[in-house]
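# Structural description and commentary
So the chains spell out like this:
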Amino acid sequence: MTELLIHETAARPTTATVSPTREPRAVRLRRAGRFALTRPGLVLSSLVVVLVVVSAFAPGLLAPADPLLGVPADKLQAPSAAHWFGTDYLGRDLYTRVVHGAALSLQATVIAVAVALVLGGLIGLLAGFVGRWVDEALMRFVDVLLAIPPLLLSLALITALGYGTLNIALAVGVASASSFARVMRSETMRVRRSTYVEAARSVGTRWWVSLARHVLPNAARPVLVLAVLEFGLAVLAVSSLSFLGYGVPPPAPEWGGLVAEGRNYLATSWWVCTMPGLTIAATVLAVNRISRALDGEWGRSR
Amino acid sequence: MSLLEVTGLRVEYRTAAGPLHALDGVDVRVEPGEVVAVVGESGSGKSTLAHAIIGLLPANGRVTAGSVLLGGEETTGLSEKALRLVRGRRAGLVPQDPTVSLNPVQRVGVQVGEALRVHGLADRRSAAVRAVELLERAGLPDPAVRARQYPHELSGGMRQRVLIAIAIAAEPALIIADEPTSALDATVQRRILDHLEGLVRGTGTGMLLVTHDLGVAADRADRLVVMSGGRVVETGRTADVLAGPRERYTRDLVSAAPGLHQVVRENPHRDVDTHAEPLVEVRDLVKEFRLPGGGTLRAVDGVSFDIAPGETLGLVGESGSGKSTTARLVLRMDDPTSGEVRFDGTDITGLRGKAWRELRRRAQLVYQNPYASLDPRFSVEEVVAEPLRAFKVGDARARRARAAELVDRVALPASVLDRRPVELSGGQRQRIAIARALALSPDLVVCDEPVSALDVSVQAQVLELLTELQADAGLTYLFISHDLAVVRSIAHRVGVMAQGRLVELAPTAQLFDAPQQDYTRELLAAIAGRRSRETV
Amino acid sequence: MTNPTARYLLRRVGLAVGVLWAAYTVSYVVLYLLPGDAVETMASGGLDGEPLGPAEMAALRARYGLDQPILVQYGKALWAALGGDFGVSVQNGQDVLSAMGDALPSTLALAGTALVLAVLLGTGLAIVATCTRSRWLRQALLSLPSLAVSLPVFLIGLLLVQAFSFGLGWFPSVGAKGPSALVLPAVTLALPLGAQVAQVLAASLDRALDEPYVTTARAKGVGRVGIHLGHALRNAALPALTVVGLLVGQLLAGTVVVETVFTRPGIGRLTVSAVSYQDIPLVQGIVVFAAAVFVAANLLVDLVYPLLDPRIAQGATR
């Protein structure tokens, strides 16, 4: 019998070595290093996200100047060593304004994703775990939310709630809750119907214990991956709404608003709207790249 | 000249963990009119061999050395364009799983006709006519009607016949059949293999039959090629290999193949006191399911039986016969429509809440698929200790000690306790599932196809373990399987189920030697390996 | 009702009507109940306008029946909406339906062109990327969609204007005069949508090419292009078609931004001004209209589905 056991493990040499709990630190570090080195895009993306987060919490570190102070003599200057992103029509340094604008934009995005995650996650969990008519009712409701394009639903909420960054965030969050609800529901159903959850039930585990110990941990991962992906979409949605002029009133900087301000100078000074616009694009690209990595590359490379 | 001559073939797969040598110097020969079976367990490289011959390796695989002569011409290193002239025309492939091997959005007649049209053997109109003829040759009833249907309207067996029609369409000199019937029920499997063999033998075509089932190979092949770990371990005339296997691996395989022997292992625990009060009494059990389009399906239809303490009752039947549903009803994992199940004298049919949970202490279930029945995030220790946790037995230390003891009882080293299920092989996982079932020292263990997802040699070990545990702990088993040979090696009594009814129930020896019902006889006749046993 | 296809269709139509009703209700709750007092919101003259006097407010309240119990108000509003009456715009007193009707043709031209463009671009890119044998070309083509979905729509528009209006002077940067003014807005709107079509279609083509039935076809001797177009594409089209249905919603939302960027008249611009004036009846009209378009588009997709997939036509579950 022992001999045959050895035969069994020997036939699968790769599986025996993969033991996340038992792996020495050095091996893990080396593997993480190799993983990063073969993916320069991912490293760059992480760097962009770190920069954005620093801008949001400590903008002074990256841009010590005052974002509201303009030097009229320097107005509409092209990007240069003195003004990396150029200056706007009041002579304000665009780089400083973009860095300081990160706080509001990011705040709105985080709130939006949190609202969507909690709201959608709860709906999905309830629908998927309880099933039957609860599932039917909740999912019909989600279908309705999906039928109204998110931007228009956000606009309706803004009409009711009024302007402002917080209202934008709430509006975007509610409008994107439906996709979380769908993913959470299907994941919960998949796990709930899986044999190992039934096996847990058949050894006498109570339902709420199996919800906490089996269903939630196994269903959470795809939802968290979606949260990262949704973060990118929320950056886009928030900046669209602030581009349309529903965010903070000027002169406070906000990414979408900065682009809108630059529209009038598009013909002569391309940088005024392009630089903030590219900042938004870079942030979204970086977040999407990271979510793709979370979604499987890391797991598959092991 | 040989029809097929493979010499020193090496195939390598590029994987994240580095190159994997799937074939490591393989030699195989097929003469015209000959059936050669390639036998091996999963991962032995037998399917890779089948695909490599016609250049159908997946994108990450490539031939690194050796040659494949098909009708005297080399096929390795041919361009995709040149290979197209070989595929279908010179060698036809009957693929593995008929349920997914046909294009779901195309009529089957078109798919058969395509095999002719790509080789310029028919135009659109004549292809349609020829397709019907080919379907008829493949043994499909009402071929003209079937040709106009889509794959999902056909049963698995019919779809396999369509695939056979595709393979023989361009009249290739060689048929490569890659596990052609493993996904089908035994009786269907036998009819299809009979037909395929007839087609091949009647026309002087050669066939390379790839299978994991030594019984199937023994019944059909002139010569056997036994593969393991990408190498040919042994080759020779079928009768010679079976009668006197030279290699240890072949010997293990032959002795583990359930169908090849009159009696695989005498059940060591033969004596059961059948006069004792039965542990389980099932009376007139009925379970109906509502169908989506209205109407009901009687999955279980008036089934009655007893199981004595310490006895193993085997339930066999083909898919859809209601055997798994019966098992779930016995465990009270489902509500019966009518009828009664008594466990140790108490009626458990309407059991709920606390009493239902108490039943879980005494009756346990081992699932078919050990890959799905263990939470991938849990460590083995957590899996095995879960029942103890659920019933708050002992503290964490005591539970760990008990888990170690249980793992030891299923003959696994204590080091697996910290592993996760993904790191274990199928056989090891099933042992873990058995250990979990034993954690609360139950009286009854229901095994639902516990070995059907495992390789044959591993199957034998798990069956042996179950028998040992029964002897040690006086367990009672309800053992569900589609595989008569497996049931024969473990059960005291065997019940045969078909369409929800219990057709026949008899002591094992009696059922196998003197079956009373026609259906049982048909099932017995379909056991692979039986034919070779009679002739060897 | 024995015909499964008819039953399938009837069920879909029933669902569509239900969703539409629910969308009306959701927008009613959001717009009329959430703000507390809808009349006060409207009467404030929007966020930039002059507030109304108390007498005018009372008149407004009576006009909208807002002095009655909520359920009665809702019932009356729903009944009126069924007859096509969504009330009048607060901005200029125009009937909501006719205000939308005036703006519709220009938006239809934009959205229609963009949808066709998006489907053509997306399908073409996906087919070429999965069919090519050059790993390099495949990688390059497949990275385009993820780039396009990461760009804010307004930035795409502004970049195109810089390049093709101010730089090359090929197309006008604003307005809606003539077909040449349609080019840049339609491309702007189409790029992110086409990218999503490409992503889904490429992924499902790759999945289809891995299916065992493709092995069967290859074993018959069918060539690369034959497999791609004859076997994989039709199977892969199903998920892509679903995405196109969902994209119609995004298309309408996209016009809000695109029409603003290009200063084009249409439903999108109408939306922006309605939100700015807190013109609740008009906003609701537009939201319900968008939901109706979305529901209709997806109904159409559901109707096309059985033609592509015989398994659904026969009422089998997918």
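Higher on the page you've got the structure.
Remember, it's a predicted structure, so these values are computed and weren't measured experimentally.

### Focus: the packing of aromatic side chains
Summed over all chains, the structure comprises 7 aromatic pairs over all chains. With centroids separated by 5.2 Å and ring planes inclined at 70 degrees, the aromatic side chains of Tyr28 of chain C and Tyr74 of chain C adopt a geometry described as edge-to-face. Taken together, the positions of Tyr28 of chain C in helix α1 (residues 4-33) and Tyr74 of chain C in helix α4 (residues 70-82) put the pair 46 residues apart, joining distant regions of the chain. Comparing Tyr28 of chain C with Tyr74 of chain C shows no difference in burial state: the two are buried. Among the aromatic residues, those joined into a cluster by ring pairs are Phe129, Trp207 and Trp208 of chain A. Note that Arg357 of chain B overlies the ring of Phe391 of chain B, its terminal NZ or CZ placed 4.7 Å from the centroid.

### Concerning the sheet that holds strand β14 (residues 338-343) of chain B
Residue and element names in this part refer to chain B. Sheet architecture is open: 4 strands sit in the order β12-β11-β14-β15, paired in antiparallel fashion. Each end of this open sheet is capped by a strand with a single partner; those strands are β12 (296-307) and β15 (346-347). In the sheet, β14 pairs with β15 via 2 bridges, with the strands oriented antiparallel. For Phe343, the partnering residue across the bridge sits in β15 and is Thr346. Sitting on the sheet, helix α11 (residues 323-330) is in contact with β11 (280-290), β12 and β14, with an inclination near 60 degrees to β12.

### With respect to helix α11 (residues 267-276) of chain C
For α11 of chain C, the tally of buried residues reaches 8 of 10 residues, placing the bulk of the element in the interior. Listed in full, the buried residues belonging to α11 of chain C are Ile267, Gly268, Leu270, Thr271, Val272, Ala274, Val275 and Ser276 of chain C. Against α8 (150-161) of chain A together with α5 (96-131), α10 (224-261) and α12 (280-308) of chain C lie the buried residues of α11 of chain C. A positive phi of about 45 degrees marks Gln278 of chain C, the residue just after α11 of chain C.

### Details of the side chain of Thr188 of chain C
All names here are of chain C. Note on placement: Thr188 falls in helix α8 (residues 180-209). With relative accessibility at 1%, the residue Thr188 sits in the buried group. Filtering out sequence-adjacent residues up to four positions away, Thr188 remains in contact with Val153, Ile156, Gly157, Leu160, Val258 and Phe262.

So, how was this worked out
- Residues numbered from 1 in each chain as written.
- Chains lettered and ligands numbered in written order.
- Predicted model: local features only at pLDDT ≥ 70, side-chain atom pairs only at ≥ 80, totals over all residues.
- Heavy atoms only, no water.
- Phe/Tyr/Trp six-rings, centres within 6.5 Å; stacked < 30°, edge-to-face > 60°.
- Helix = DSSP H or I, 4+ residues; strand = E, 2+ residues; numbered from the N terminus.
- Buried < 20%, exposed > 50% of the residue type's maximum accessible area, 1.4 Å probe, protein only.
- Lys NZ or Arg CZ within 6 Å of the ring centre and 35° of its normal.
- Pairing = 2+ DSSP bridges.
- Contact = heavy atoms within 4.5 Å.
- Axes fitted to C-alpha atoms, helices over the stretch in contact; angles between N-to-C directions.

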